[in-house]
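Given next are the chains, with one letter for each unit.
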Amino acid sequence: MGSFVLGGVTFGNLFKKPATKMYPVVAPTYTAMTKGSIVNDIEACSLCSICAKKCPSLAINVDKPGKTWEIDPFACIQCYTCVRACPKDCLTMLAQYTAPSTTKEYKTLVKTGGDDEKAVAAAE
Amino acid sequence: MAERTVIPFGPQHPVLPEPIHFDLVVEDETVVEAIPQIGFVHRGLEQLVKKKDYSTFVSVTERICGICSFGHSLGYSQTIEILMGIEVPQRAEYLRVILHELSRVHSHLLWMGLAADAFGFENLFMQCWRIRERILDIFEATTGGRVILSACNVGGVYHDITNEELKGIVDVLKGMGNEYSKLTKTFLNDGSVKSRLIGVGYLSKQDAIDNCVVGPFARASNVAEDIRCYGFGGYGYLSAFEPIVCEDGDGYGRAKVRALEVLQSIDIIVELVSKIPDGEVMVKVKGSPEDGSVSASRLEQPRGECFYYAKGNGSKFLERFRIRTPTAQNIGGMTKILQGCDIADVPLNILTIDPCISCTER
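This one's a predicted model, so the numbers in the text were calculated from it and none came from an experiment.

1. Focus on the overall build of chain B
Scanning chain B from terminus to terminus reveals twelve helices and eight strands. The C-alpha atoms of chain B give a radius of gyration of 21 Å, which matches the 21 Å a tight globule of 362 residues would have. Taken along its principal axes, the extent of the C-alpha atoms in chain B is 70 × 45 × 35 Å. Every one of the 362 residues in chain B was classed for burial, and the buried ones make up 58%. Expressed as a percentage of contacts within chain B between residues at least 6 apart in sequence, the contacts between residues at least 24 apart total 70%. Summed over all atoms, the accessible surface of chain B reaches about 13800 Å², with 51% contributed by carbon and sulfur.

2. Some points on the overall build of chain A
For chain A, the helix and strand inventory stands at four helices and five strands. Moving toward the C terminus, one meets the helices and strands of chain A in the order α-β-α-β-β-α-β-β-α. For chain A, buried positions account for 31% of its 124 residues. Considering only intrachain contacts with a sequence separation of at least 6, the fraction spanning at least 24 residues in chain A is 71%. Total accessible area computed for chain A in this model is approximately 8200 Å², and 61% of it derives from carbon and sulfur atoms.

3. Thoughts on the packing of aromatic side chains
All names here are of chain B. Going through the model one piece at a time under the given rule, you end up with ten aromatic pairs over all chains. The interplanar angle of 55° and the centroid separation of 5.4 Å between the aromatic rings of Phe 57 and Tyr 76 together place this pair among those described as tilted. On the criterion of sequence distance, the pair formed by Phe 57 in helix 1 (residues 57-62) and Tyr 76 in helix 2 (residues 69-84) is long-range, its members being 19 residues apart. Each member of the pair Phe 57 and Tyr 76 is classed as buried.

4. Brief notes about the interface of chain B and chain A
Contacts between the two partners involve 25 residues from chain B and, on the opposite side, 21 residues from chain A. Between chain B and chain A we count zero salt bridges in total. Our count for the chain B to chain A interface comes out at eight residue pairs in polar contact (both at pLDDT 80 or more). Counting residues per element, the side of chain B that touches chain A draws most heavily on helix 4 (residues 122-143) of chain B, at eight residues. Among the residues making up the side of chain B that touches chain A, the classes are represented as six nonpolar, twelve polar and seven charged.

5. A few points about the sheet that holds strand 3 (residues 68-71) of chain A
Residue and element names in this part refer to chain A. Strand order in the open sheet made by the three strands is 2-3-5, with antiparallel pairing throughout. The open sheet has two free edges, formed respectively by strand 2 (60-63) and strand 5 (107-110), since each of these has just one partner strand. Ignoring which end each strand starts from, the neighbouring axes of this sheet average 15° apart.

6. Some thoughts on a nonpolar patch on the surface
Residue and element names in this part refer to chain A. The grouping of Phe 11, Leu 14 and Phe 15 at the surface amounts to a nonpolar patch, some 410 Å² of accessible area in total. Inspection of the secondary structure assignment puts Phe 11 in helix 1 (residues 2-13). Exposure remark for Phe 11: the relative accessible area of 53% places this residue in the exposed category.

7. Section: the pairing of strand 3 (residues 30-37) of chain B
Sheet analysis places strand 2 (residues 21-27) of chain B next to strand 3 of chain B, joined by seven bridges and oriented antiparallel. Looking at strand 3 of chain B, one finds that B:Val26 is bridged to B:Val31.

8. Describing unusual backbone geometry
The bulk of non-glycine residues show a negative phi, and the bulk of peptide bonds are trans. With an omega of 5°, the peptide bond running from A:Tyr23 to A:Pro24 counts as cis. With respect to the helices, strands and loops of the structure, A:Pro24 is situated in the loop between helix 1 and strand 1 (37-40). We note that A:Leu47 has phi near 55°; this positive angle belongs to a residue other than glycine. Along the polypeptide, A:Leu47 turns up in the loop between strand 1 and helix 2 (50-54). In this structure A:Leu47 comes out as buried when scored by relative accessible area, which is 5%. Even without glycine at this site, B:Asn222 takes up a positive phi of about 70°. Note that B:Asn222 resides in the loop between helix 8 (215-219) and helix 9 (251-275). Of the residues examined, B:Asn222 reaches a relative accessible area of 26% and is grouped as partly exposed.

9. Side note on the environment of B:Phe139
Residues and elements named next belong to chain B. Counting through the fold element by element, Phe 139 comes out in helix 4. Of the residues examined, Phe 139 reaches a relative accessible area of 1% and is grouped as buried. Taking the C-alpha atoms as reference points, Phe 139 and Val 285, separated by 146 residues in sequence, lie 25 Å from one another. Sequence-distant contacts of Phe 139, that is, excluding residues within four places in its chain, are made with Leu 99, Leu 102, Ser 103, His 106, Gly 144, Gly 145, Arg 146 and Leu 149.

10. Overview of the packing of helix 4 of chain B against helix 5 (residues 163-189) of chain B
All names here are of chain B. At a minimum axis separation of 10 Å, helix 4 and helix 5 run at an interaxial angle of 170°. Compared by their axis directions, helix 4 and helix 5 come out roughly antiparallel. Taken together, the residues of helix 5 that come into contact with helix 4 (itself represented by Leu 124, Gln 127, Cys 128, Arg 130, Ile 131, Arg 134, Ile 135, Ile 138, Ala 141 and Thr 142) are Glu 165, Ile 169, Val 172, Leu 173, Met 176, Glu 179, Tyr 180, Leu 183, Thr 186 and Phe 187.

Scoring rules and cut-offs
Residues numbered from 1 in each chain as written. Chains lettered and ligands numbered in written order. Predicted model: local features only at pLDDT ≥ 70, side-chain atom pairs only at ≥ 80, totals over all residues. Heavy atoms only, no water. Helix = DSSP H or I, 4+ residues; strand = E, 2+ residues; numbered from the N terminus. Rg over C-alpha atoms; globule rule 2.2 N^0.38 Å. Buried < 20%, exposed > 50% of the residue type's maximum accessible area, 1.4 Å probe, protein only. Contact = heavy atoms within 4.5 Å. Areas by Shrake-Rupley, 256 points an atom, 1.4 Å probe, with all protein chains shown as cover. Phe/Tyr/Trp six-rings, centres within 6.5 Å; stacked < 30°, edge-to-face > 60°. Salt bridge = Lys/Arg side-chain N within 4 Å of Asp/Glu carboxyl O. Polar contact = N/O pair within 3.5 Å; in protein donor to acceptor, adjacent residues only side chain to side chain. Nonpolar A, V, L, I, M, F, W, Y, C, P; charged D, E, K, R; others polar. Pairing = 2+ DSSP bridges. Axes fitted to C-alpha atoms, helices over the stretch in contact; angles between N-to-C directions. Patch = residues over 30% accessible without salt bridge, like charges linked within 9 Å, V, L, I, M, F, W, Y side chains within 5 Å. Parallel < 35°, antiparallel > 145°, perpendicular 65-115°, else oblique.

Structural data, given as structure tokens:
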């Protein structure tokens, strides 16, 4: 009896769209909430390193004197902790996942504009 | 009397989903004794409480298990809230139960797929997993993650799910219900499924009580034990809750209990969505657990009762955290049902209790 019910379901499936997608030919669709990867608007960042301290997987390194902010995208667990903790709101969670890579490398961002330049601009 | 032979089974075996080893003592084709051994994937997560503060540790508890990940974060948060005397907003309690019941639906659908796969019913396996995918889509749309949700922490839940989104979830579940009832009919009435499950791995009520088994494994042996009955957290807002029990005690009974629990979970979600109050979903948590404070809580995971214990030491790091997972409790019953079974039924018997060895190893 059960086989006939499932047979009906299977027959119906022949006339429906497939439940799967032909990835990567068809791009995956993400929702607005999807937790993919972290990006930092480095020029807005104050390099306060709260994100680095709060990160449960220690994926973020901040070097204030060197003006660099770096993240290991493969260590990041997309938990949103840094985004919530950021006082400047410069961290954003993108829906796109980190692209595959053959090596695990830090993604380093260098802050170009800084307090010194602002001070010079103010003096002028 | 036939000669006794010991057959090693696992931890790597084509039919085993998880790393557990059995020394099967067999006489001809019959298993007379099964000696289990675990410890292949032990991660020492409980010890990590000394290195991660109590609010960060929730990320660790979520990774105890990939299937009941939300349940573990909920159980941990609940324990710490008792430890620190935090009152969670009502809306957060409702949302937690809704997410937890969705986890149960997807866990049971996953098990039904795996069980169908184990007895070679590939079509049913794929139908179960196709339906399960919708639950994962709900998770992705509401919390951002498909498996690890990172939605719950001490004090509530991070993201509010709007009332419109909740209505959308109910619509999806109701739409799913029709397809799911067809699957259940197949699962419970199909001749090939019945011939593979009926009478296999029988556990009597007395044996279930003696071996302290929990969850659907116990309920299939007519032990009406479900932590949801006690009204912990948001379960207290339900109008009525009766655990689903079955008198069969065999693999078919366990399949039946799980199949019906999916419908029960859908009913729970529908009821809570109709009653959910508005308000905050997270309270700000300050301070640390007091020195010497202890707390314990219980939660009904998809696989059964899970017990949590926490001890504070005055700092933001806990002194001790312990989890007793359902599968750890069910291993005794599992060895019991393996005694006297046919050697060809061993994989299926192991599967019918829905083991999660990685949970057990923590």
